[in-house]
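What follows is the residue order along each chain.
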Amino acid sequence: MDQEKKQNPIGVRKKGRLKIFLGYAAGVGKTYSMLDNGHEKLKSGVDTVVGYVDQGSSQETLSLLEKLPILPLKSISHGKLQRREFDVDAALERKPELILVDDLAYTNPPEMRNLKRYQDIEELLNAGIDVYTTLNIQNIESLSGIVQSIIKVSPGRTIPDYIFDQADMIETVDFAPEELMKRLEEGKICRHAKSGNTIKFIFTKENLRLLRELTMRKAADRLSYDNQRGVPTGDSLVRTKFLVVISDGVPSSKSIRWAAKAAEVFHASWATVYVDSMRRNHETEVQEQLDLARKLGSETVRLNGHDAAAVIAEYARVSGISNIVIGKVRNRKSIKKLFDMELEDELFALLPNVELHIIPESFPMKHRKLRKLKLTENVVLSWGDTIKTLGTLALATLLSKGINTFIYDDQNVITVYILSVMIISRITSGYFYGMAASILSVLLFNFFFTIPYYTFAALQPEYPVTFMIMFIAAFLISTLTMQIKTQVKISAEREHRTKLLYEINKKLLQTRGLENIVKLTSEYITQIFDRAVVMYTEDPVNPASGYYMESSTDPYTAQLRREEEREAAHWVYLNRKKAGAGTETLMNAGAHYMPILSQGKSLGVIGISCANGKLDQNSIMFLRMLVSQVAMAVERQFLSDEQRRILLDSETEKMRSNLLRAISHDIRTPLTGILGASSVILEAGENLDKITHDQLLSNIKEDSQWLIRMVENLLSVTRINEGTMNVAKSPEAVEEIAAEAVSHVRKRISDRKITVKVPDELLMVPMDGMLIEQVLINLLENAIKHSSEESTVELEVCSKDQFAVFEVRDFGNGISEGDLGNLFDTRLPGNGRSTDSSRGMGIGLSICRSIIKAHGGKMEAANRATGGAVFRFFLPLEGAQDES
Amino acid sequence: MNHNPLILIVEDDVSICNFIAAVLSSNQYHLIKAETGKTAISLAASHCPDLILLDLGLPDMDGIDVLKSLREWSGVPIIIVSARGHEREKVEALDLGADDYITKPFGTSELLARIRTALRHSQKPFTGASRRDKITLGELEIDIEKRLVTINGREVHLTPIEYRMILLLSQNMGKVLTYDNIIREIWGPYTNEIQTLRVNMANIRRKLEENPAEPKYIVTEVGVGYRMVEEV
């Protein structure tokens, strides 16, 4: 039972129940109520344990602790400080029915497995442990914006809304704000430094009232939601579905929060979409926003396509979106805007029936900084590009001079310069040279081709306009060329990845066998990412599992083999979530682990070493795609293995039933003989003459002996393992086995000459001694039966290459041509020759072959040139390659 | 031979029981029968038989358990009757103190030979016959005093270990000794010298036997151990 619990922390066992004690500020008595509740539970016989309680809690709270069993905390050194933290592993090990863990929104120090305490608690719930915990209202993600606007301080740590929504019970702990203020003055609350900072801001009467109202509302919402659950909602409500569109370069956190709130009010589902477009500059911001949306309970989708509006419209139609939410920044103008239609206008045109909500977004400072940084990144200076630019411009000037000597024509000169700008944009990298060339070309034109020549002065009044137009044209052309170039680069990259994925997929389709799939995948991953990789196709808890491959620059597989890494992989396998470096769980692991999932089932884990730095978002996305391909391949392999197993089972079953039929037929004959002879003796009694009497008795004896041989053969079949068709081998001396077999045969048939020859040196062969003895007995008896009484039967054993060779020779008539082919087949009654008459060894020989096959050896029969038959079988010696 | 030995047959199958009974009474043994393990134990206690034939497959309890409870208080020779193919069961029984075993199906001569051997070994400690100076078996002669082994008068050169093995087997002539048993006696407990044992036995055979694949003196019981035959 214990074992089962440990091995199966998710799976069949029911999930634990979560109860949250919700308060509007520190000091309202959440922890006190939680402990109080825990007491009651303990008294009513529930196995209750305190997992963690903030030591800064008030005296009366801490006094409650005395009567409760407390789980020891985990000591970790955090810098120079010793910290004592909640020990989630100890809790899982201890496995109480109920555990009390304070402060749901707590952020763990980086040494712990999970970044956040709510992740710890999710693990506990998954293990079937009930959890009581506490939470302040400002720590709920969707409310943090509002709270921030009330108390003017960011609440910092937050929990995703789904944790709150999925809690089984919410208990609001209320306390009058006036009382709370009084308690604060008495110094009864929050003696620890952490909250000291926030206290000044939060504890004004006004703030407390607002927070209290917020708490009550949240609880009321939850209550009404609970009441409505199960009650069919109106049609209009069902159809409401929100979609938040994240646009490039527009921070969308407000839209996301708005949609989350709206979806909650309407009890609607909602999704967040981002269209991967050409520009990758905002990757981290986009990822942050998608993460935020996910935390707030949204489904998140990334789509591909160059026409964002069309793609979004298509998605909205397919998934029945009724409301689209778009964030918009007011004063953001760029030249690009001159050409692009606003996204919302396009969507408006494409989806006339969908409601469009536009949410004003503000540009936080940090984003602007980021953008500037990105701009400078685009300015790449290199000598090569500088020479190319100057050279092209010089050529253009020379060409224009040439044209000018024949005909004086401004337009042609301008065209030549614009052409040169275009060429420069094409052949150089970054925006800088294109822009510089635009400016330079105008200056050059001014210097060389306007009167007065060789000055920057322009006499004619129309020239400034010409310059202006020329500059704008050149600039636009350079910008457009650059954009096209970027687009080409990105599509080439995407193409490359698609091609790679296609290639991998094709190879995976062709690959058979789990090992090969693992090998191929590891090869590709080390090639693409140039990092060491580990791949598991079973629960990594088994120390023999895991396939490691190192890359040229990352020979760190030794690090991946450590026990901690295996545990991380095990966690990923069980929890079906990625973990390790670059995630929020087990951040200290040396690798990034991703589960191989198929239909919600873990098939394995892939780990990529992060010794050379963490993976970026693109790589993770690509890896995820790759892993899904691998998951398909692995699952296909599992299915085909399963199929093969079933086939083998049915084969075995068929063999068994054939054997059974053949035997019951064979057995009937001697039994009839025994029954007949014994009844004659019993009934005839004295009337039987002595010779007939003895004859009948010896018939009975012979028939019984035959039956015994048959049964011994059958018994040996049962020693072959079902399913694997293998035998338990141990090293045996062949001379002992041969000697035993011969003496066994001699006991039954004493009047025949049998010679035995074994090698001079002791020959040890791994085998099941009883089975090989049985084979030898069968072969010897077979040889005796098929040769004349005076002839000798020979048994010889020798070793040859990696095999021990056993040979049984007779000097009889040999085997007929027709029989040679199917000598070892189980003969069925009525199938060709009857086995009745000869009471043949058909079954015996087929059993012999099964036994030798199960040993990984082979068996053959032949006629000897000098007359007689020879039966030969080979058994692999110790250390030989197993043939089976 | 004024006293005919009393044999307890523990066997639940009536026809086998009848057959054994017929063989034994025709050879002047007295006998009592038990069909279950419980009756076997109580009969053994009340009648003090000279030998027990114990079938391992009994209706009420495992034959091995019967053996264990008998061995708690009695040193009476016990011969196990077991089905072929269950070497592990035989080894277990021998290691638990059974004196010998016989495999179904068995012939009458084989059964009688085993019973004779077992009875002789059980009487030795009282007659003092176990400390013979010389053991002779066909052409094989073991002079214990001189530590000398001869075949047909010709001296056989043996290593100390080989000599000790031959001596051990000859002192238990006719009885099967399990691999574990021999290893414990020769190399001491807590060792696993099964390979060494095999190699030594192969060497002994090459020194004693004409054809090691047709041994006359020491035969193998596959999966169980070795036995030195009583008569060639």
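Structure's up top.
What you are looking at is a predicted structure, and each value in this text was computed from that prediction instead of being measured.

Rules and cut-offs
- Residues numbered from 1 in each chain as written.
- Chains lettered and ligands numbered in written order.
- Predicted model: local features only at pLDDT ≥ 70, side-chain atom pairs only at ≥ 80, totals over all residues.
- Heavy atoms only, no water.
- Helix = DSSP H or I, 4+ residues; strand = E, 2+ residues; numbered from the N terminus.
- Buried < 20%, exposed > 50% of the residue type's maximum accessible area, 1.4 Å probe, protein only.
- Contact = heavy atoms within 4.5 Å.
- Areas by Shrake-Rupley, 256 points an atom, 1.4 Å probe, with all protein chains shown as cover.
- Core = buried A, V, L, I, M, F, W, Y, C linked by side-chain atoms within 4.5 Å.
- Buried area = accessible area lost by both parts, 1.4 Å probe.
- Salt bridge = Lys/Arg side-chain N within 4 Å of Asp/Glu carboxyl O.
- Polar contact = N/O pair within 3.5 Å; in protein donor to acceptor, adjacent residues only side chain to side chain.
- Nonpolar A, V, L, I, M, F, W, Y, C, P; charged D, E, K, R; others polar.
- Pairing = 2+ DSSP bridges.
- Axes fitted to C-alpha atoms, helices over the stretch in contact; angles between N-to-C directions.

Novice: Run through the overall build of chain A, naming residues and quoting values.
Specialist: Each helix and strand counted, chain A has 30 helices and 24 strands in total. Across the 884 residues that make up chain A, the buried fraction comes to 47%. Of the contacts formed within chain A by residues at least 6 apart in sequence, a portion of 72% connects residues at least 24 apart. Carbon together with sulfur atoms contributes 56% to the accessible area of chain A, which is approximately 45,200 Å² in total.

Novice: Describe the nonpolar core, naming the residues involved and giving the relevant values.
Specialist: Residues and elements named next belong to chain A. Counting residues in hydrophobic clusters, the biggest one holds 60 residues, and the most contacted among them are Ile 772, Leu 776, Phe 806, Phe 871 and Phe 873. With ten residues, the single largest contributor to this core is helix 28 (residues 769-785). When near neighbours in sequence (up to four residues on either side) are disregarded, Ile 772 contacts Ile 737, Met 767, Phe 806, Ile 851, Ile 852, His 855, Phe 873 and Leu 875. Counting 52 residues, the second largest nonpolar core, distinct from the first, contains Val 50, Leu 65, Leu 124 and Val 173.

Novice: Can you explain the interface of chain A and chain B? Please cite residues and give values.
Specialist: Between chain A and chain B, the contact holds 28 residues from the first and 22 residues from the second. For the pair chain A and chain B, the summed buried area comes to about 2,000 Å², and 49% of that belongs to carbon and sulfur atoms. It is Glu 735, Glu 736 and Met 770 of chain A in chain A that bury the most area against chain B; as a group they hold 28% of the surface buried on that side. There are four salt bridges connecting chain A and chain B. Across the salt bridge formed by Arg 198 of chain B and Glu 732 of chain A, the nearest N and O atoms sit 3.3 Å from each other. The tally of links between chain A and chain B comes to nine residue pairs in polar contact (both at pLDDT 80 or more). At the level of elements, helix 26 (690-719), strand 18 (730-733), helix 27 (734-748), strand 19 (754-757) and helix 28 of chain A are the ones that each hand at least two residues to the side of chain A that touches chain B. Looking at the side of chain A that touches chain B element by element, the count peaks at eight residues for helix 27 of chain A. Counted by class, the side of chain A that touches chain B contains 14 nonpolar, three polar and eleven charged residues.

Novice: Give a description of the pattern of salt bridges that names residues and reports values.
Specialist: Residues and elements named next belong to chain B. Throughout the structure, instances matching the rule amount to 39 salt bridges over all chains. Between Glu 11 and Lys 104 there is a salt bridge, and its shortest N-O distance comes to 3.9 Å. Separated by 93 residues along the polypeptide, Glu 11 in the loop between strand 1 (6-10) and helix 1 (14-26) and Lys 104 in strand 5 (residues 100-104) bring together distant segments of the chain. Take Lys 104: its relative accessible area is 26%, and that puts it in the partly exposed class. Salt-bridge contacts for Arg 227 lead to Asp 100; the nearest nitrogen and oxygen are separated by 3.2 Å. With Arg 227 in strand 12 (residues 225-228) and Asp 100 in strand 5, the pair connects residues that are 127 residues apart, well separated along the chain.

Novice: Quick rundown of the sheet that holds strand 7 (residues 140-143) of chain B? Include the residues and the values.
Specialist: Within a sheet, each strand pairs with its neighbour through backbone hydrogen bonds, oriented either parallel or antiparallel. Residues and elements named next belong to chain B. Strand order in the open sheet formed by four strands is 6-7-8-9, and the pairing between neighbours is antiparallel. Because the sheet does not close on itself, it has two edges, and the strands there are strand 6 (134-137) and strand 9 (154-155). Relative to strand 9, strand 8 (residues 148-151) is paired through two bridges, and the arrangement is antiparallel. From the neighbouring strand, Thr 150 faces strand 9, where its bridge partner is Glu 155.

Novice: Which residues make up the sheet that holds strand 1 (residues 18-23) of chain A, and what values go with them?
Specialist: All names here are of chain A. One open sheet holds the five strands; their spatial order is 2-5-6-1-7, and the pairing between them is parallel. The sheet is open, and its two borders are formed by strand 2 (48-52) and strand 7 (169-172), each paired with just one other strand. Each strand of the sheet is rotated relative to its neighbour by a mean of 20 degrees, with strand direction disregarded. Both strand 5 (residues 98-101) and strand 6 (residues 130-136) contribute to a ladder of four bridges, which runs parallel. In the strand pairing of strand 6, Ile 99 is matched with Val 131. Against the sheet, helix 2 (residues 30-43) engages strand 1, strand 2, strand 5, strand 6 and strand 7, with an angle of about 165 degrees to strand 6.

Novice: Now, about the side chain of Lys 175 of chain B: what can you tell me, with residues and values included?
Specialist: Looking at the secondary structure, you find Lys 175 of chain B in the loop between helix 6 (160-171) and strand 10 (176-178). Filtering out sequence-adjacent residues up to four positions away, Lys 175 of chain B remains in contact with Asp 99, Asp 100, Thr 117, His 121, Tyr 226, Arg 227 and Met 228 of chain B.

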